[in-house]
Amino acid sequence: MKRELMNQVNGIVLQVLYRGFRVLYREDSRVRAEIKGWDEELTLKLICGPGGAALAMRHDSQDGVRKIRRAQRCDITMRFKSVEGAFKVLSGRMSVAEAYAEHLFFLEGDIYKTMSFVRCVEYIESYLFPGFMTRRILKEVPEKQISALQVYALALLENGR
């Protein structure tokens, strides 16, 4: 039961993260610059443990990123070893860097390209998580270019395609 609840929360957070990517591509110059630096059609996948929630997306020059439904092989795959490990990161209890240091996930693909993805995630976290959480999980909390409330509102309106 606990694992299933964590998996459901992971799935919700992945959807919010995806919408955050799309909103901040339009609204935050740093996220836009990172994503524009990605190879055209670069594919990324996050998998939250065996049988866990997953998010796959592709770089799209117009929209920044687009969700893809069936991604067999991606350029970059972050595969968490467990639903619980993914939950720690996605709920803001642990940073991606800490999870990497504790070997909570496998990384398949170019680590240099992955670092750009992680920087985007950190920008998104700075908008979506409250200050006390971001100060705990990020070495440096980036300045916001729009309000977190605007990001949440735009993310809710985002069609999620």
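Residues numbered from 1 in each chain as written. Predicted model: local features only at pLDDT ≥ 70, side-chain atom pairs only at ≥ 80, totals over all residues. Heavy atoms only, no water.

Draft legend 1. How the structure looks around the pairing of strand β1 (residues 43–47). Most of β1 is tucked away, with five of its five residues classed as buried. Residues Thr43, Lys45 and Ile47 of β1 are buried on one face, and the alternating residues Leu44 and Leu46, pointing to the opposite face, are buried as well. Sheet analysis places β1 next to strand β2 (residues 54–60), joined by five bridges and oriented antiparallel. Counterpart to Leu46 in the pairing with β2 is Leu55. The antiparallel pairing of β1 with β2 creates a hairpin that spans six residues between the two strands, and Gly49 there sits at a positive phi of about 85 degrees. By the bridge criterion, four bridges tie β1 to strand β4 (residues 76–80) in an arrangement that is parallel. Bridge pairing in β4 links Ile47 to Arg79. (Buried < 20%, exposed > 50% of the residue type's maximum accessible area, 1.4 Å probe, protein only. Helix = DSSP H or I, 4+ residues; strand = E, 2+ residues; numbered from the N terminus. Pairing = 2+ DSSP bridges.)

Draft legend 2. A look at a positive patch on the surface. Taken together, the side chains of Lys2, Lys88, Arg93 and Arg136 make up a positively charged region of the molecular surface. With respect to the secondary-structure elements, Lys88 resides in helix α3 (residues 83–90). (Patch = residues over 30% accessible without salt bridge, like charges linked within 9 Å, V, L, I, M, F, W, Y side chains within 5 Å. Areas by Shrake-Rupley, 256 points an atom, 1.4 Å probe, with all protein chains shown as cover. Salt bridge = Lys/Arg side-chain N within 4 Å of Asp/Glu carboxyl O. Lys, Arg positive; Asp, Glu negative; His and termini not counted. Charge placed at Lys NZ, Arg CZ, Asp CG, Glu CD.)

Draft legend 3. The packing of aromatic side chains, seen in detail. According to the stated counting rule, one finds four aromatic pairs in the structure shown. Both rings, one in Tyr100 and one in Phe105, keep their centres 5.9 Å apart while their planes meet at 45 degrees; by these two values the pair is tilted. Among the aromatic residues, ring-to-ring pairing joins Phe21, Trp38 and Phe117 into one connected group. (Phe/Tyr/Trp six-rings, centres within 6.5 Å; stacked < 30°, edge-to-face > 60°.)

Draft legend 4. Region of the structure containing helix α2 (residues 29–36). For α2, the full list of buried residues reads Val31, Glu34 and Ile35. Along the long axis of α2, the arc covered by the buried residues comes to 95 degrees, so they all point the same way. Exposed side chains of α2 directed beyond 90 degrees from the buried face belong to Ala33 and Lys36. (Arc of directions from axis to C-beta.)

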